[in-house]
Amino acid sequence: MIETKMSELAELERLQTQILYRIAKLELLILPPSNNSPNKDLPTTTEARLSAVLVDSGVKDFSFKRVPSDYYDWSFEARRDILGAASIHHLCKSIVLVNTQAASNITDCSDRQNSKYYVVVVQYTARFSAENVKNFLYSLNNGKIPKKRFNLRLAPEEISHNLTGFEHNGVTCVGMKTDIPVILDEAIVKLNPDFFWLGGGEIDLKLGIRTSEFINFAKPFIVNCSGS
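Reading the values: rules and limits
- By convention here, each chain's residues receive numbers from 1 onward along its written sequence.
- Selection of residues for local features in this predicted model requires a pLDDT of at least 70, selection of side-chain atom pairs for listing and counting requires 80 or more, and totals for whole chains, interfaces and linings are taken over all residues.
- In computing side-chain properties, one takes all heavy atoms of the structure into account and sets aside hydrogens as well as water.
- Numbering of helices and strands runs from the N terminus, with a helix taken as a DSSP run of H or I at least four residues long and a strand as a DSSP run of E at least two residues long.
- Any two residues whose heavy atoms approach within 4.5 Å are treated as being in contact.
- Two rings from Phe, Tyr or Trp (for Trp, the six-membered ring) form a pair when their centres are within 6.5 Å of each other. A pair whose planes differ by under 30 degrees is stacked, one over 60 is edge-to-face, and the rest are tilted.
- Accessible area is worked out with a 1.4 Å probe on protein chains only. A residue is then buried under 20% of its type maximum, exposed over 50%, and partly exposed in between.
- In this scheme, Lys NZ or Arg CZ marks a charge over a ring once it lies within 6 Å of the ring centre and within 35 degrees of the ring normal.
- The nonpolar core is taken to be a set of buried Ala, Val, Leu, Ile, Met, Phe, Trp, Tyr and Cys residues, with the residues joined through side-chain atoms within 4.5 Å.
- Only strands that DSSP links by at least two bridges are regarded as paired with each other.
- Axes here mean lines fitted to C-alpha atoms, for a helix over just the part in contact, with angles spanning 0 to 180 degrees between N-to-C directions.

A. Focus on the side chain of Lys134. One can find Lys134 in helix H4 (residues 130-140). Once you skip the residues sitting within four places of it in the chain, Lys134 turns out to touch Lys147, Phe150 and Leu152.

B. Representation of the packing of aromatic side chains within the structure. In this structure the tally under the stated criterion is seven aromatic pairs. With a centroid separation of 5.0 Å and 90° between ring planes, the pair formed by Tyr71 and Tyr72 is classed as edge-to-face. Judged by relative accessible area, which is 23%, Tyr72 ranks as partly exposed. Ring plane angle 45° and centroid distance 6.1 Å describe the contact between Phe76 and Tyr124, whose orientation is recorded as tilted. Of the two residues, Phe76 is situated in helix H3 (residues 76-83) and Tyr124 in the loop between strand S3 (117-123) and strand S4 (127-128); the sequence distance between them amounts to 48 residues. Given the relative accessible area of 28%, Phe76 is considered partly exposed. Above the face of the Tyr71 ring, Arg79 is positioned so that its terminal group lies 5.3 Å from the ring centre. Across from the ring centre of Tyr124, 5.5 Å away, lies the NZ or CZ of Arg79, which sits over that ring.

C. Highlighting helix H2 (residues 46-56). Within H2, eight of the 11 residues are buried, which leaves the element mostly enclosed by the surrounding structure. Within the sequence span of H2, burial applies to Thr46, Glu47, Ala48, Leu50, Ser51, Ala52, Leu54 and Val55. Just past H2, the residue Gly58 takes up positive phi, approximately 85°.

D. A look at the nonpolar core. Core analysis: the biggest nonpolar cluster contains 33 residues, and Leu54, Phe62, Val121, Phe196, Ile209 and Phe214 have the highest contact counts within it. The set of elements that each furnish at least two residues to this core consists of H2, strand S1 (62-66), strand S2 (92-99), S3, strand S6 (182-185), strand S7 (195-202), strand S8 (205-210) and helix H7 (211-218). Setting aside chain neighbours within four positions, we find Val121 in contact with Cys92, Lys93, Ser94, Cys173, Val182, Ile183, Leu184, Asp185, Ile188, Phe196 and Phe214. Judged by nonpolar contacts, the second largest core, of 14 residues, contains Val122, Val133, Ile145 and Cys225.

E. Focus on the sheet that holds S1. With antiparallel pairing, the three strands of this open sheet are ordered in space as S1-S8-S7. Looking along the sheet, the strands with just one partner apiece sit at the ends: S1 and S7. When the angles between neighbouring strand axes are averaged without regard to direction, this sheet yields 30°. The pairing of S1 with S8 spans five bridges and is classified as antiparallel. Its bridge partner being in S8, Phe62 is matched across the sheet by Ile209.

F. Region of interest: the sheet that holds S2. Strand order in the open sheet made by the five strands is S5-S2-S3-S6-S9, with mixed pairing throughout. The open sheet has two edge strands, strand S5 (152-154) and strand S9 (221-223), and neither has a second partner. Between one strand and the next, the sheet's axes are offset by a mean angle of 35°, whatever the strand orientation. Relative to S9, S6 runs parallel, the two sharing three bridges. Looking at S9, one finds that Ile183 is bridged to Phe221. Of the strands in this sheet, S3, S6 and S9 touch H7, which is tilted by about 160° from S6.

Nothing here speaks to function; it is all geometry.
Structure, rendered in structure tokens:
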């Protein structure tokens, strides 16, 4: 009975979120723009802006939720409970990686197969393996690029912020300033139920999304990028 009610509540929250986003979009069409607003074409909050991006892309099953400022001091179990996540393994994060050994002419994200930067989505409970990603990219390029040209490391926070527009712990794959190729850990694809949580654009904002819809939206490479 309790699980049923929690499921119904989560569904109501998702529906409410989507209604609020559609209202925000309608306001943009109806209300005259403010001459003092630097972003006349965008909703005024991160949540509304990212929601509009998702809705415009045909994503239906998603939800945003605010969390307390000390959220990252909490246990995984406490974070799971406040988000209504199915398990601690459904708690994920987006990290920006830089290929420190890329050739000198590789400076941006224009080539998905050989990008200077990647955003990797992994579970908090998993151990990220840069070596697995390196091997994947080497294979993706059919061995034409020497393995030594792939060395994936966590990008400095300033670079991550400049590329995505989001701060540490708020990075998400939605509405980034730069079209960075996304890598999704295949362990997330195997989660049941197939609805996971990740950063929502602000430190205290989290985004829950149906896995299949995330894949259709982000077009990620699906890679085994967590080791034992």
